[in-house]
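Chain by chain, the residues run as shown.
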Protein chains: 4
Amino acid sequence: MRYAYLGPQGTFTEAALRSLPDAAGAEHLPYATVPAALDALRRDDVDAAVVALENSVEGSVPTTLDELAMGDPLQIVSEIHLPVSFALLVRPGTDFGDIKTVASHPHAQPQCRRWLAEHIPDAEWRAATSNAEAAQHVADGHYDAALAGSFAAARYGLGILAEDIHDVADAVTRFVELRRPCAPPAPTGTDRTTVAAFIGEDHPGALLEILNEFAMRGINLTLIQSRPTGAGLGSYLFWMDFEGHVEDARVGEALMGLRRVVADVRFLGSYCRADQIRPEIRRGTHDADFTEAAAWLTAIRQGHPEP
Amino acid sequence: MRYAYLGPQGTFTEAALRSLPDAAGAEHLPYATVPAALDALRRDDVDAAVVALENSVEGSVPTTLDELAMGDPLQIVSEIHLPVSFALLVRPGTDFGDIKTVASHPHAQPQCRRWLAEHIPDAEWRAATSNAEAAQHVADGHYDAALAGSFAAARYGLGILAEDIHDVADAVTRFVELRRPCAPPAPTGTDRTTVAAFIGEDHPGALLEILNEFAMRGINLTLIQSRPTGAGLGSYLFWMDFEGHVEDARVGEALMGLRRVVADVRFLGSYCRADQIRPEIRRGTHDADFTEAAAWLTAIRQGHPEP
Amino acid sequence: MRYAYLGPQGTFTEAALRSLPDAAGAEHLPYATVPAALDALRRDDVDAAVVALENSVEGSVPTTLDELAMGDPLQIVSEIHLPVSFALLVRPGTDFGDIKTVASHPHAQPQCRRWLAEHIPDAEWRAATSNAEAAQHVADGHYDAALAGSFAAARYGLGILAEDIHDVADAVTRFVELRRPCAPPAPTGTDRTTVAAFIGEDHPGALLEILNEFAMRGINLTLIQSRPTGAGLGSYLFWMDFEGHVEDARVGEALMGLRRVVADVRFLGSYCRADQIRPEIRRGTHDADFTEAAAWLTAIRQGHPEP
Amino acid sequence: MRYAYLGPQGTFTEAALRSLPDAAGAEHLPYATVPAALDALRRDDVDAAVVALENSVEGSVPTTLDELAMGDPLQIVSEIHLPVSFALLVRPGTDFGDIKTVASHPHAQPQCRRWLAEHIPDAEWRAATSNAEAAQHVADGHYDAALAGSFAAARYGLGILAEDIHDVADAVTRFVELRRPCAPPAPTGTDRTTVAAFIGEDHPGALLEILNEFAMRGINLTLIQSRPTGAGLGSYLFWMDFEGHVEDARVGEALMGLRRVVADVRFLGSYCRADQIRPEIRRGTHDADFTEAAAWLTAIRQGHPEP
């Protein structure tokens, strides 16, 4: 097995990848950007890729959403939740008073803004393409400190000046494992399904109609995110995560409804939820209810009297 | 072929029956009440029955709705629309000034109320179990005049004192032809489907949920009528007529949705509309759309990449 | 006080009227038909009228619904629920074996059909304009027996051959007290409101839109009944009873929504429910919620910062 | 007048600010970050601020949405649409072959990815906190080229090596002008209103209920964007832009409905649309319809008969 991830070594994405059961004996290949990691998977250079999808403080990762919704098709096969907690990494010997610049990925800065203002108010923040790159720049002497995962310290020969840095308690980042399009993993009872729906014309009730397809079948949405399609202000696609598995009858019918209603819909995977929350299935929407209703419909179409 | 109808001879129901293509060489058997006619069909004494379902002035016929929704199952296979127009039937020699009593079925009276007030204001109205029975009572000398179809005059040896009597122009009565449960007639493109839905618990959104199953698939309701189930004030069933045929994919899916949502639903037939109105089929709800969506669902469940 | 009711003396309607607190010292005037009783009220000949509205077995009373929805405006100010139970009234000396004909209002017959089939299977049923009129006809010798309230026996000098006759246990008839249009009685917390809504064009979502106005504000419908407007098959009005009082903010806003959505709506009264059921008021729909929201809207329109 | 904007000088935001009618004689103060510009406005250091809200390619600007939805209240009073088009700025004498590094704000890079891959495939991209800062770094000699507005060239003494760079034609960025909370500008007929709605509990129909408040009154949403509230994955607020002005009756009632339904809602302004699109107002939702309905409600509450 070969895994692509958003590198360099020492990123949170690498930590997420390491938490996968299959990652143990596998090869881990860092890529400079999310599109680069996904293109490697599309080209068959690797067997899977791990990228960040959303963060409970910073929100969804636009590049990931757009690549998955609009790039060549890939499919989510599992998800990983990783608590967000930063360390302040410095060259050995550096102390708080010495820090003039602190670097990180732009996502890290707002999650530590208050901590930074309190502990190193005079330090200037600098953008890096990843937290690990920020650590590399500290090791290189370009910057004085980096916000990164504590696991990055050893890799770059840096010391940890402070740990467990975060403005918001219990912040979590959600990562997804991607494969080339494939049959989804078997239902577990605690599944999530992801789609991207493209609304064709700009009509008032479009989103309402979509949500209705889910609500009518008692399917809870866990994330809805609009993204521009690039065709002008006002032209959106909707990224939607919801409870259930494509093999569930209620999910299958909702997806067919969606397919009929919108201009286009892309299936992005059914997979086990990292939080293992089991959905409440509403009366009349169990698989057995759909089976019974289909049998009844066949009977009345054929003119068999009711039992 | 043997047909049951609400008798005696000379009723509007008999006139409706005579308009059926298959009625020409068939035997026509009058029954005293709607339940009696339907029971004859259930017992196999006849092959079909014709009864009134609704009238554009007086509304639906409760006995018919209740018998079909709650009695042993029967099925609507065709419908007949008959313009409503009464004649004032009298014994030969009777003139307006001689009329002290005028009899009719209770449904006829309100449709001629204004005409009666204008032309024979002093005559007392008397209830009969059918207009034809009223004519019979006039022939017998019990009453002076009857409101009935003009075709009843010859049968009872009466004269027509006035014709084309009705307070409301273009009033129509809708009759249905019933059979024992059977495969519905083939779709014609101008079909109507009838069901009776029993709502289990009294919850605020029950009816809304039902209507949503139709609205979401662009299916127009042409009649919705609540009837008590007999289980107390507030316990209702809904009689629903709507556009389309049970063989249509959108109707099939709506019916399965209904089946899953409500306590019980009875299919009462798909048949050609008498008014031959062709429904507008909304984008995304043609049979082909359902077929395409089902094929797509199968493909993503099996992991085939999108074409 | 002068009360009109559907006579003659001895009807269930008279019994309902007698149960009203204000009826004790009042004058009770019987009228031959529901329209006659209501016209007397419209003409100011009486101060109030009592008529039947619906029955838990037979359903709504079409004449009452149509008169109130389409005749000159009147208003419901209270309702009465009366258990339905018939007695078999005969001339003294008559026994079961002597009964060849049994008369009643057409509504009574189906409620006793099974009992009649079991106890006097050979008797023919005859329609009367009221149960009390049927009793009168028995006293006159026209018919052998009448189905009527046991209270009618004394009034017509008849004996009671059987009592407590009904096919369905716990059957109830709902009567309403009507006045000329007036300010509704004060809210009691267990109120019901009645309207008639006329849908203009025949569009698929019309009824759904109406129901939505209620559902969105957590207002339960207790009765919905379609009636033809007389303008042809497919043209309906909807009679709707629902929880709450016109003075309730949620009801007021729903009514305004209805008014804006439909071709026409007639307010038919807010009044205390006979069953005294207290509605569950959904979060966000108490009067205080509306008051708070209106204050907030005023503040943001005027540019006052949020507190 | 003093305006804050996301600096340094030469950003697209400054260009947007310069397009405002009132900006001509005003003082323009650059700030290093969006929060810094908004805090200056909150502290009364400036009278207004201009920041980017969304881009037709890159989507909404998370920092702006979060600051406006969750920071101390500010209000949108106007919007500016600016076509997106980059120039490649270099030090005089630099040619395509000399470019080893190209810097820009992270938002600019994906909008020029294809162009970069085609014209300077070997150049490495570097993140800057703004495009103007990237230009500054080029002037300083840190990087070889910057993607920025062509207007930035003169300010930093740079040359324009290529112009009109963008992967997607007709890309537009939407900026907003902010003030401290105030009475909204008067309606123009082509207005937009913005709110942030916080959904309290995670229940399936929450978003559907919100959308219903708008759909029922024929109000079109032009943007809906979920953002995490920071309280954990699955806890979101919804940023919503929609047609109409808070002074419109239909908008006022929808906002009150929203206020009652959700845990919290923040009004963020009503202002003239930059694209001047005039909404279609649905039958029954004009101001006059609300006025008429309110008058009707008052009349029936007071017991005045219908006219």
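Reading the values: rules and limits
- Residues numbered from 1 in each chain as written.
- Chains lettered and ligands numbered in written order.
- Predicted model: local features only at pLDDT ≥ 70, side-chain atom pairs only at ≥ 80, totals over all residues.
- Core = buried A, V, L, I, M, F, W, Y, C linked by C-beta atoms within 7 Å.
- Buried ≥ 20, exposed ≤ 12 C-beta atoms within 10 Å, placed from the backbone.
- Contact = placed C-beta atoms within 7 Å.
- Helix = DSSP H or I, 4+ residues; strand = E, 2+ residues; numbered from the N terminus.
- Nonpolar A, V, L, I, M, F, W, Y, C, P; charged D, E, K, R; others polar.
- UniProt positions renumbered as here; feature names shortened; annotations may be inferred.
- Pairing = 2+ DSSP bridges.
- Axes fitted to C-alpha atoms, helices over the stretch in contact; angles between N-to-C directions.
- Domains from an automatic or database assignment.
- Least-squares fit on C-alpha atoms with pLDDT ≥ 70 in both.
- pLDDT = per-residue confidence, 0-100.
- Expected span 1.5 Å × (residues − 1).
- Arc of directions from axis to C-beta.

With that out of the way, let us pick up the nonpolar core. Ranked by internal contacts, the top residues of the largest apolar core, which has 260 residues, are A:Ala49, B:Ala49, C:Ala49 and D:Ala49. With near-sequence residues (within four places) excluded, B:Ala49 lies in contact with B:Tyr3, B:Ala4, B:Tyr5, B:Ala37, B:Leu38, B:Ala40, B:Leu41 and B:Leu178. Counting residues in each nonpolar core, the second largest holds 60 residues, with A:Phe86, A:Ala108, A:Tyr143 and D:Ile120 among its members.

Counting residues at the interface gives 35 residues for chain A, matched by 35 residues for chain D. Per-element accounting of the side of chain A that touches chain D gives the leading share, seven residues, to strand E13 (residues 221–228) of chain A. Of the residues that constitute the side of chain A that touches chain D, the class distribution is 17 nonpolar, 14 polar and four charged.

Listed under "domain: Prephenate dehydratase" (unreviewed entry) in the UniProt record, and renumbered for this structure, are residues 2–180 of chain A. Each end of residues 2–180 of chain A is marked by a C-alpha atom, and these two atoms are 13 Å apart; helix forms 28% of the span and strand 34%.

What follows deals with the sheet that holds E13(A). All names here are of chain A. Here four strands make up an open sheet; going across it, the order is E13-E14-E12-E15 and the pairing antiparallel. Sheet topology places E13 and strand E15 (264–272) at the edges, where each strand pairs with a single neighbour. The sheet shows a mean angle of 15° between the axes of neighbouring strands, direction not considered. Where E13 meets strand E14 (residues 236–243), seven bridges bridge the pair, whose relative direction is antiparallel. Bridge pairing in E14 links Gln225 to Trp239.

Next up on the list: the sheet that holds strand E6 (residues 86–90) of chain A. All names here are of chain A. As summarised here, the arrangement of the five strands in space is E8-E7-E9-E6-E10, forming an open sheet in which the pairing is mixed. With one partner strand each, in any of the chains shown, strand E8 (124–127) and strand E10 (159–165) form the two edges of the open sheet. Sheet twist, expressed as the average angle between the axes of neighbouring strands with direction ignored, equals 25°. The sheet contact formed by strand E7 (residues 101–104) and strand E9 (residues 145–148) spans two bridges and is parallel. Its bridge partner lying in E9, Val102 is registered against Ala145.

Attention now goes to the domain arrangement of chain A. Assigned domains of chain A: these are domain 1 (1–83 + 168–182), domain 2 (86–165) and domain 3 (184–307). The C-alpha centroid of domain 3 of chain A is placed 43 Å from the C-alpha centroid of domain 2 of chain A.

With 33 residues of chain B at the interface, the matching set in chain C holds 33 residues. Taken together, the elements giving at least two residues each to the side of chain B that touches chain C come down to helix H3 (62–70), strand E11 (172–179), helix H7 (206–215) and strand E13 (221–228) of chain B. Examining the composition of the side of chain B that touches chain C, we find that six residues originate from one element, E13(B), more than from any other. Of the residues belonging to the side of chain B that touches chain C, the class tally is 15 nonpolar, 14 polar and four charged.

The next subject is the environment of C:Ala183. When you line up the elements, C:Ala183 lands in the loop between strand E11 (172–179) and strand E12 (191–198). Taking the C-alpha atoms as reference points, C:Ala183 and C:Ala132, 51 residues apart in sequence, are found 34 Å from one another. Here C:Ala183 is in contact with D:Gln302 and D:Gly303, once residues within four sequence places are set aside.

Once chain A has been moved 0.1 Å along the axis and rotated by 180°, it coincides with chain D to within an RMSD of 0.1 Å. Here the symmetry operator amounts to a two-fold rotation axis. A shared interface surface links the copies, since 100% of the contact residues of chain A are contact residues in chain D too.

This part takes up the confidence of the model for chain A. On average, residues of chain A score 91 in pLDDT, and 98% of them reach the 70 mark or higher. Reported confidence for the predicted complex is 0.90 by ipTM and 0.89 by pTM.

Next up on the list: the environment of A:Val61. Residues and elements named next belong to chain A. Locating Val61 in the fold gives a position in the loop between strand E4 (59–60) and helix H3 (62–70). A count of 20 C-beta atoms within 10 Å places Val61 in the buried class. With 55 residues separating them along the chain, Val61 and Leu6 place their C-alpha atoms 13 Å apart. The residues contacting Val61, other than those within four sequence positions of it, are Ala52, Leu53 and Glu54.

With 16 residues, helix H10 (residues 287–302) of chain C extends 23 Å between its outermost C-alpha atoms, agreeing within 8% with the 22 Å of an ideal straight helix rising 1.5 Å per residue. Within H10(C), burial applies to C:Phe290, C:Ala293 and C:Ile300. An end-on view of H10(C) places all buried positions within 95° of arc, on one side of the element. Away from its buried face, by an angle of more than 90 degrees, H10(C) presents the exposed residues C:Ala288, C:Thr291, C:Ala295, C:Thr298 and C:Gln302. Packing partners of the buried residues in H10(C) comprise helix H9 (249–261) of chain C together with helix H9 (249–261) and strand E15 (264–272) of chain D. At the exit of H10(C) stands C:Gly303, carrying a positive phi of roughly 85°.

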